[in-house]
Structure formats: C-alpha cells, structure tokens
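Architecture and fold: a report
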Amino acid sequence: GQQVMQIPQYQHVQEGEDFTTYCNSSTTLSNIQWYKQRPGGHPVFLIQLVKSGEVKKQKRLTFQFGEAKKNSSLHITATQTTDVGTYFCAGSIYSGGSNYKLTFGKGTLLTVNP
Amino acid sequence: NAGVTQTPKFRILKIGQSMTLQCTQDMNHNYMYWYRQDPGMGLKLIYYSVGAGITDKGEVPNGYNVSRSTTEDFPLRLELAAPSQTSVYFCASSATTGLGGYTFGSGTRLTVV
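These remarks concern the structure in this document.

Thresholds, definitions, all that
- Residues numbered from 1 in each chain as written.
- Chains lettered and ligands numbered in written order.
- Predicted model: local features only at pLDDT ≥ 70, side-chain atom pairs only at ≥ 80, totals over all residues.
- Heavy atoms only, no water.
- Helix = DSSP H or I, 4+ residues; strand = E, 2+ residues; numbered from the N terminus.
- Rg over C-alpha atoms; globule rule 2.2 N^0.38 Å.
- Buried < 20%, exposed > 50% of the residue type's maximum accessible area, 1.4 Å probe, protein only.
- Contact = heavy atoms within 4.5 Å.
- Areas by Shrake-Rupley, 256 points an atom, 1.4 Å probe, with all protein chains shown as cover.
- Lys, Arg positive; Asp, Glu negative; His and termini not counted.
- Charge placed at Lys NZ, Arg CZ, Asp CG, Glu CD.
- Phe/Tyr/Trp six-rings, centres within 6.5 Å; stacked < 30°, edge-to-face > 60°.
- Pairing = 2+ DSSP bridges.
- Axes fitted to C-alpha atoms, helices over the stretch in contact; angles between N-to-C directions.
- Salt bridge = Lys/Arg side-chain N within 4 Å of Asp/Glu carboxyl O.

Let's talk about the overall build of chain B
Check the secondary structure of chain B and you find zero helices and 11 strands. For chain B, the succession of helices and strands along the chain, N to C, is β-β-β-β-β-β-β-β-β-β-β. In terms of overall dimensions, chain B is globule-like: its C-alpha atoms have a radius of gyration of 13 Å, near the 13 Å expected for 113 residues. Within chain B, buried positions represent 45% of all 113 residues. Pairs at least 24 residues apart make up 54% of the contacts formed inside chain B by residues separated by at least 6 positions. Within the structure as shown, chain B displays about 5,100 Å² of accessible surface, and the carbon and sulfur contribution to it stands at 53%. Side-chain charges of chain B comprise 9 positive and 7 negative groups, with the mean position of each set lying 10 Å from the other.

The following block contains the structure:
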C-alpha cells in the first residue's frame, strides 16, 4: 500500500535556527497536505500543494512539492518557541470516483530551545 | 461554528468494558473519519464515512464499529475494550476526501486498564 515516509522523526534547534522536515512517497501523489499539532493538541491544517514543483510561503514557513510529485518539504526560517510541535505531511492519491485516499506520515517533532 | 466536537475528552475503561466516542460536526461536511494516534506512530485511520448511511474500514478497524445515521454525527463504538486500544482518538471531517484540509476535533484520550 501507499507509504509516506517523513524525516527526521525528531529535531531540536536553538531559537533562531532554521528547520526542515522532508516527506517522501512511494507513489505519485495528487496533492500533499501539511498539518501542525501542538503538544497535547490536535492536528491543524496548514496548507495543500497540488502542482508539480509548487512552492508556497506562509510567513516564515516555506512549503515545496517535488517535480515528480513524490516528495515535499517544509522549511521554517528563524524558528521561534511558538513553532514547537509535530509537523505532519499527508499524501493524497486518487482512489476512484470522486474519492482520494490521504495517508499521513509519522511526523517530525520540533522542539526549540529559547 | 464549533467545527468538530468530540466527547468525552478523557476516559478510563476497564478491560472488557464498552463505550462510544461521540463526534459531531456543524460544517455540513460529507466526509468524516476516525483516527487513532499512538506516540511516535502518526495517525492511523480506523473508519471513515463518505456520507450518511455509508461507512468503510480504514487501516486498523478491528475492535471498533461506527455508524453514520446523520451528516453531523459519526460515533465510534469500542466493544470489549483491550489495553491495545489505549490511545488518543481523533475525529475529523472534510468537504471532500483528500482534497483540501481535514478539520480535526480536540481528541479523546482513552486508557484501558
């Protein structure tokens, strides 16, 4: 079945350092989504990328979708303590009719030392 | 709008007991999902529904049952609780499946002892 691998599993940074998490799929994706889960909280949708090679920015966050639509990355510039949490990617593939199957990666836990 | 509401937030069950986790959404979403989250293991899909009266198994359905009698509600039933069902359970909904983001509830933390 479809697998979505995410690395690293954990990342600890000093406040102000940059952070990147990577997501790889075994199959070509229709789109990729990114979520953030604060400690003790629930996943919150951040963004969706659809087009090959797409790059989107949200303030200090930059999201990329690979040319082959099999990989993606999330880069945070100059981390802040508010960035702490687990970042999940979720890859979507078409599964027939009007349905798509979304598979979540295991997430990257980011901790930030102030 | 309240979004996706889950109850209860916490529950301790004894082995063999049963319970229902409630989930309701007020966004008129057709698609609803139940996930469980274990530490370091990401989100695993238990069951999902594409509309009232239609449900289907996800990745880890054993030991669970669902129903979808209305668009708003998607309860998850645990029969004969086992320690392996200790987890955090999230309900989610979406306007479409796999296109556009999912809205998650705040979760139910379940411990089976």
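Brief notes about the environment of A:Thr82
Along the polypeptide, A:Thr82 turns up in the loop between β8 (71–76) and β9 (85–96). Look at A:Thr82 and you get partly exposed, because its relative accessible area is 45%.

Topic: the packing of aromatic side chains
Residues and elements named next belong to chain A. Enumeration over the complete set of coordinates arrives at 12 aromatic pairs over all chains. Ring centres of Tyr-35 and Phe-104 lie 5.3 Å apart, and the angle between their planes is 50°; this geometry places the pair in the tilted category. On the criterion of sequence distance, the pair formed by Tyr-35 in strand β4 (residues 31–37) and Phe-104 in strand β10 (residues 99–104) is long-range, its members being 69 residues apart. Each member of the pair, Tyr-35 as well as Phe-104, is classed as buried.

Considering the sheet that holds strand β7 (residues 61–65) of chain A
Residue and element names in this part refer to chain A. Taken together, five strands build an open sheet; the order of strands is β1-β3-β8-β7-β6 and the sheet is antiparallel. What marks the edges here is a single partner per strand, and that holds for β1 (4–7) and β6 (55–58). Neighbouring strand axes in the sheet, compared pairwise and without regard to direction, differ in orientation by 15° on average. Taken together, the four bridges between β1 and strand β3 (residues 19–25) define a ladder with antiparallel strand orientation.

A word on the pattern of salt bridges
Residues and elements named next belong to chain A. Evaluated as defined, the whole model comprises four salt bridges over all chains. A salt bridge links Lys-56 to Glu-54; the shortest N-O distance between them is 3.7 Å. In this structure Lys-56 comes out as partly exposed when scored by relative accessible area, which is 31%. In this structure, Asp-83 engages Arg-60 in a salt bridge whose closest nitrogen and oxygen atoms are separated by 2.9 Å.

Let's talk about the environment of B:Pro75
Residues and elements named next belong to chain B. In this structure, Pro-75 sits in the loop between β7 (64–66) and β8 (76–78). Residue classification places Pro-75 among the buried residues on the basis of a relative accessible area of 18%. Counting along the chain gives 60 residues from Pro-75 to Ile-15, while the straight-line C-alpha distance between them is 20 Å. Not counting residues up to four positions away in its chain, the partners in contact with Pro-75 are Thr-20, Leu-21, Gln-22, Trp-34, Asn-65, Val-66 and Ser-67.

Some points on the pairing of β8(A)
Residue and element names in this part refer to chain A. Pairing between β3 and β8: six bridges, direction antiparallel. Bridging from a neighbouring strand, Thr-20 pairs with His-75 of β8. Across five bridges, β7 lies against β8 in antiparallel orientation. Note that in β8 the partner of Thr-62 across the bridge is His-75. Following β7, the chain reverses through five residues before pairing antiparallel with β8; Lys-69 in that reversal takes a positive phi of roughly 55°.

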